Amino acid sequence: MTMEKTLWQQVQLVKQKSPLVHNITNFVVMNNTANALLAVGASPVMAHARSEIREMAHIAHSVVINIGTLDEYWAESMLIAAEAAHTMQKPWVLDPVGAGATSFRDQTLQRLLQYRPAVIRGNASEIIALANINTTVTKGVDSTAQSNEAIDAGQILAGRYNTIVCISGETDIILNSKDQFFIRNGHPLMTKVTGLGCSATALIGAFTGVAEDKTLAVASAMSLLGIAGELAAKESPGPGSLQMLLIDKLYNITEEEFTAHLKIEQK
Ligand SMILES: Nc1ncnc2c1ncn2[C@@H]1O[C@H](COP(=O)(O)OP(=O)(O)O)[C@@H](O)[C@H]1O
Ligand SMILES: Cc1ncsc1CCOP(=O)(O)O
Ligand SMILES: [Mg+2]
């Protein structure tokens, strides 16, 4: 089967199975990540109260943990969720928003990583910071590096935590200890809409919640977001319209559009 067909099948699988994705995410992006999940056919729930985390993780297909607006209460909630997912052998996805910016973020990330996420998705600065804690200068939540500059860091993380790493940017790079995928879709205007990295992580949660091959699931989620962003950007005079049209395109993209625009290379 062609790569296009394989990845499109995963898009269809998410629609068929409508996985419940349990998100502990940040205040900035809760609404647009929930809408991105609904648009691809998944079912989002945002829940961070300590009293309900284990039960919610229990019924979910996957758990997404995003430290964007971290605080002391939420950090403990995230640790409970990661531990629960790990114990239940359920895929959980880590978005290390702002890694390297503060020691609170870095220390919390180190504690979370002991529960072995199935996937880590961050921009290049975050992936570099996560691999070499305390040595990198970072700029809040936006990247100051290109994704290919973070490949070594990604390999370190993949080996150290036996996980899949997705480095987003102009080229999205997905790697595990054996394979590397390079996806050259997307549009620069996507960096002017907040929460698209977080949406990428949430979509990865949905796709890994239903797919057998988790690396292909990540490749499929990132291809879908990149192509939808690219097509939506063509119709968008600015970031406001892009945010809206991207959700529409995630919802109504056709197999023909997906296949014609996919730019993926495997190494
Ligand atoms: N320069 C770019 N050109 C094309 N697509 C991009 C570019 N930068 C980011 N993207 C896309 O935007 C989405 C969010 O990635 P990114 O901006 O790296 O995440 P974050 O918001 O966490 O920093 C991804 O789908 C990525 O492919
Ligand atoms: C601006 C901001 N501040 C804390 S979380 C957040 C959103 C980051 O979203 P993304 O990394 O997807 O752009
Ligand atoms: Mg981000």
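Up top is the structure these notes are about.
These figures come from a predicted structure and were not determined experimentally.

### Topic: the overall build of the chain
So, point 1. When its secondary structure is counted, the chain shows eleven helices and nine strands.
So, point 2. The C-alpha atoms of the chain give a radius of gyration of 17 Å, which matches the 18 Å a tight globule of 267 residues would have.
So, point 3. When its C-alpha atoms are laid out on the principal axes, the chain stretches across 45 × 40 × 35 Å.
So, point 4. Within the chain, the fraction of its 267 residues that count as buried is 57%.
So, point 5. When contacts within the chain are restricted to residue pairs at least 6 apart in sequence, those whose partners lie at least 24 apart make up 71%.
So, point 6. When the accessible surface of the chain is split by element, carbon and sulfur atoms take 51% of a total near 11200 Å².
So, point 7. Distance between charge centroids for the chain: 2 Å, based on 20 positive and 25 negative side chains.

### A few points about helix H9 (residues 214–234)
So, point 1. Between the first and last C-alpha of H9 there are 31 Å, a value that for 21 residues agrees with the 30 Å anticipated at 1.5 Å per step.
So, point 2. Among the 21 residues in H9, 19 count as buried, and that is most of the element.
So, point 3. The N-capping residue of H9, defined by a side-chain oxygen 3.1 Å from the backbone nitrogen of Thr-215, is Asp-213.

### Examining empty space enclosed by the protein
So, point 1. In the structure shown here, the tally under the stated rule is one cavity of 30 Å³ or more.
So, point 2. Of the voids in this model, the largest cavity is the one considered here, and its volume is about 60 Å³.
So, point 3. Along its surface, the largest cavity is lined by Asn-32, Ala-36, Leu-196, Ser-199, Leu-225, Gln-243, Leu-246, Ile-247 and Leu-250.
So, point 4. Elements supplying a minimum of two residues to the lining of the largest cavity: helix H2 (30–39), helix H8 (196–210) and helix H10 (239–252).
So, point 5. In terms of residue class, the lining of the largest cavity is built from six nonpolar, three polar and no charged.

### What to know about the layout of surface pockets
Sizing a probe to match a water molecule and rolling it over the atoms shows the empty space that remains.
So, point 1. Taken as a whole, the largest pocket encloses approximately 1000 Å³ of empty space.
So, point 2. Put simply, the parts of the chain that give the lining of the largest pocket at least two residues each are strand S5 (119–123), helix H6 (124–131), H8 and H9.
So, point 3. Looking at which element gives the most residues to the lining of the largest pocket, the answer is H8, with four residues.
So, point 4. Residues that form the lining of the largest pocket fall into these classes: 14 nonpolar, 17 polar and seven charged.

### Some details on the site of ligand 1
So, point 1. The immediate surroundings of ligand 1 are formed by 16 residues, with Asn-123, Ser-168, Gly-169, Asp-172 and His-187 found nearest.
So, point 2. Within the contact set of ligand 1, a nitrogen atom lies 3.1 Å away from a backbone nitrogen or oxygen of His-187.
So, point 3. For ligand 1, an oxygen atom lies 3.4 Å from a polar atom in the backbone of Gly-197.
So, point 4. In isolation ligand 1 offers 550 Å² of accessible surface; the protein chains occlude 85% of this area.
So, point 5. Taking a 2 Å distance to the grid points as the criterion, the majority of the atoms of ligand 1 fall inside the largest pocket.
So, point 6. Mapped by element, the contributors of at least two residues to the shell around ligand 1 are S5 and H8.

### A closer look at the packing of aromatic side chains
So, point 1. Counted under the stated rule, the structure contains two aromatic pairs.
So, point 2. Measuring from ring centre to ring centre gives 5.3 Å for Trp-8 and Phe-258, while their planes differ by 50°; the resulting arrangement is tilted. Note that Trp-8 is positioned in helix H1 (residues 3–17) and Phe-258 in helix H11 (residues 255–261), a separation of 250 residues in sequence. Like Trp-8, the residue Phe-258 is buried in the burial classification.
So, point 3. Positioned over the ring face of Tyr-73 is Arg-50, at 3.9 Å from the centre of the ring.

### As for the site of ligand 2
So, point 1. In the region of ligand 2, the neighbouring residues are Asn-26, Val-28, Val-29, Gly-68, Val-141, Thr-194, Gly-195, Leu-196, Gly-197 and Cys-198.
So, point 2. Between Gly-195 and ligand 2, the recorded distance is 3.3 Å, taken from a backbone N or O atom to an oxygen atom.
So, point 3. Between ligand 2 and the protein, one listed contact pairs an oxygen atom with a backbone N or O atom of Leu-196 at 3.5 Å.
So, point 4. Within the complex, 78% of the 370 Å² of free accessible area of ligand 2 lies under protein.
So, point 5. The pocket occupied by ligand 2, as judged from atoms lying within 2 Å of grid points, is the largest pocket.
So, point 6. For the shell around ligand 2, the class distribution of residues is five nonpolar, five polar and no charged.

The rules behind these values
Sequence order as written defines the numbering, with residues in each chain counted from 1. Chains and ligands are labelled by the order in which they are written, letters from A for the one and numbers from 1 for the other. For this predicted model, a pLDDT threshold of at least 70 governs which residues receive local features, and a threshold of 80 or more governs which side-chain atom pairs are given and counted, while totals over whole chains, interfaces and linings are taken from all residues. Note that the side-chain values use all heavy atoms of the structure and ignore hydrogens as well as water. Runs of E in the DSSP output that reach at least two residues are strands. Runs of H or I that reach at least four are helices, and both are numbered from the N terminus. Radius of gyration: over C-alpha atoms. The globule rule applied is 2.2 Å multiplied by the number of residues raised to the 0.38 power. Type-normalised accessible area, obtained with a 1.4 Å probe on protein chains alone, sets the label of each residue: buried when under 20%, exposed when over 50%, and partly exposed for intermediate values. Whether two residues are in contact is decided by their heavy atoms, any of which lying within 4.5 Å being enough. To be clear on the numbers: accessible area is Shrake-Rupley with a 1.4 Å probe, and residue cover counts the displayed protein chains and nothing else. In this charge count, Lys and Arg are treated as positive and Asp and Glu as negative; neither His nor the chain ends contribute. Charge positions come from single atoms, namely NZ of Lys, CZ of Arg, CG of Asp or CD of Glu. In a helix, the anticipated span is given by 1.5 Å times the number of residues less one. Counting of polar contacts relies on pairs of N or O atoms within 3.5 Å, with two restrictions inside protein: one atom must be capable of donating a hydrogen and the other of accepting it, and residues adjacent in sequence are counted only when both atoms are side-chain atoms. Only protein atoms enter the calculation, which uses a 1 Å grid: trapped sets of points that fit a 1.4 Å probe without letting it out are cavities, open sets showing protein on both sides within 12 Å along at least five of seven lines are pockets, and any residue with an atom within 4 Å of a point is a lining residue. Grid points are joined across faces, edges and corners, and a volume is the space filled by probe spheres set on the points. Put simply, Ala, Val, Leu, Ile, Met, Phe, Trp, Tyr, Cys and Pro go in the nonpolar bin, Asp, Glu, Lys and Arg in the charged bin, and everything else, Gly too, in the polar bin. Note on definitions. A residue lies near a molecule or strand when any single heavy atom of the residue is within 4 Å of it. Occupancy of a cavity or pocket is assigned to a molecule whenever over half of its atoms lie within 2 Å of that pocket's grid points. Stacked, tilted and edge-to-face pairs are distinguished by plane angle, under 30 degrees for stacked and over 60 for edge-to-face with tilted covering the rest, among Phe, Tyr and Trp rings (Trp via its six-membered ring) whose centres lie within 6.5 Å. Consider the ring centre and the ring normal. A charge sits over the ring if Lys NZ or Arg CZ is within 6 Å of that centre and within 35 degrees of that normal.

Nothing here speaks to function; it is all geometry.
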